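# Summary of the model geometry
Chain residues, written in single-letter form:
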Amino acid sequence: MAYSTNSPAGKAVDGIITDLPSLVAVAVVDITSGMALASHSNSPALNPETAAAYNTEVVKQKQKAMSALKLAGEKIEDILITLTNQFHLIKLNSAGNKFIYLVVNSRETNLAIAREVLRSHADDIN
């Protein structure tokens, strides 16, 4: 997906690519629609738009679980999915209506740095 660096989502994707040039993929996603507002992939095998839709369901199901558990006053800040060779990170913005989805190679990327990069760009997508 092409993205405009004039939009908040495009600026966030551009900034994340600058901060983590070896990333596998990144997308800024609208939770209501599940659509990627901006995305980029360094891997032809990973389509960030498809991943955006599925990861929107991950976020929505976790929100339902929190509601069922009556975790009032709590909100999702981020979700980490650890695969054999990759970290998949989902970082929600403070409004809780969008998230950044990031995929990095777990052997090449420091998890703490990846999380800090997401934290630094999350409010850019409000």
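Structure's up top.
Before going into details, it helps to say that this report is about the structure given with it. (Residues numbered from 1 in each chain as written. Predicted model: local features only at pLDDT ≥ 70, side-chain atom pairs only at ≥ 80, totals over all residues. Heavy atoms only, no water.)

## With respect to the pattern of salt bridges
- Per the counting criterion, the structure on display carries two salt bridges.
- Here Asp 78 makes a salt bridge to Arg 115, at a shortest N to O gap of 2.8 Å. Taken as a pair, Asp 78 in strand β3 (residues 78-82) and Arg 115 in helix α3 (residues 111-122) lie far apart in primary sequence, 37 residues in all.
- Here Glu 116 and Arg 119 are joined by a salt bridge, their closest N and O atoms 2.6 Å apart. Placement of both Glu 116 and Arg 119 in helix α3 is noted, with a separation of three residues, approximately one turn of the helix.
- When its relative accessible area of 41% is taken as the criterion, Glu 116 is described as partly exposed. (Salt bridge = Lys/Arg side-chain N within 4 Å of Asp/Glu carboxyl O. Helix = DSSP H or I, 4+ residues; strand = E, 2+ residues; numbered from the N terminus. Buried < 20%, exposed > 50% of the residue type's maximum accessible area, 1.4 Å probe, protein only.)

## Side note on the nonpolar core
- Counting residues in hydrophobic clusters, the biggest one holds 19 residues, and the most contacted among them are Ile 16, Leu 23, Val 26 and Leu 102.
- Secondary structure elements with two or more residues in this core: α1 (8-19), β1 (25-30), β4 (86-92), β5 (98-105) and α3.
- Residues Ile 31, Ile 79, Leu 92 and Val 103 belong to the second largest nonpolar core, which totals 18 residues. (Core = buried A, V, L, I, M, F, W, Y, C linked by side-chain atoms within 4.5 Å.)

## Quick notes on the environment of Ala 12
- Of note, Ala 12 is situated in helix α1.
- Linking Ala 12 and Asp 124, residues 112 residues apart in sequence, is a C-alpha distance of 6.2 Å.
- The contact partners of Ala 12, leaving out residues within four places of it in the chain, are Val 28, His 121, Asp 124 and Ile 125. (Contact = heavy atoms within 4.5 Å.)

## Thoughts on α1
- Between its first and last C-alpha atoms α1 spans 16 Å; for 12 residues at 1.5 Å apiece the expected length is 16 Å, and the two agree.
- If you check which residues of α1 are buried, you get Ala 9, Gly 10, Ala 12, Val 13, Gly 15, Ile 16 and Ile 17.
- Here the buried face of α1 lies against β1, β2 (36-41), β5 and α3. (Expected span 1.5 Å × (residues − 1).)

## Comments concerning the pairing of β2
- With five bridges connecting them, β1 and β2 associate as antiparallel partners. Bridged to Val 28 within β2 is Ala 38.
- Hairpin connection, β1 to β2: the antiparallel pair is bridged by five residues, and Gly 34 has positive phi, about 80°. (Pairing = 2+ DSSP bridges.)

## Some points on the sheet that holds β2
- A sheet is described by the order of its strands in space; here five strands give the open sequence β2-β1-β5-β4-β3, paired in antiparallel fashion. Single-partner strands in this sheet number two, and they are β2 and β3. Along the sheet, successive strands turn relative to each other by an average axial angle of 10°, direction set aside.
- Against the sheet, α1 makes contact with β1, β2 and β5, and its axis sits at roughly 20° relative to β2, the strand it touches most. (Axes fitted to C-alpha atoms, helices over the stretch in contact; angles between N-to-C directions.)

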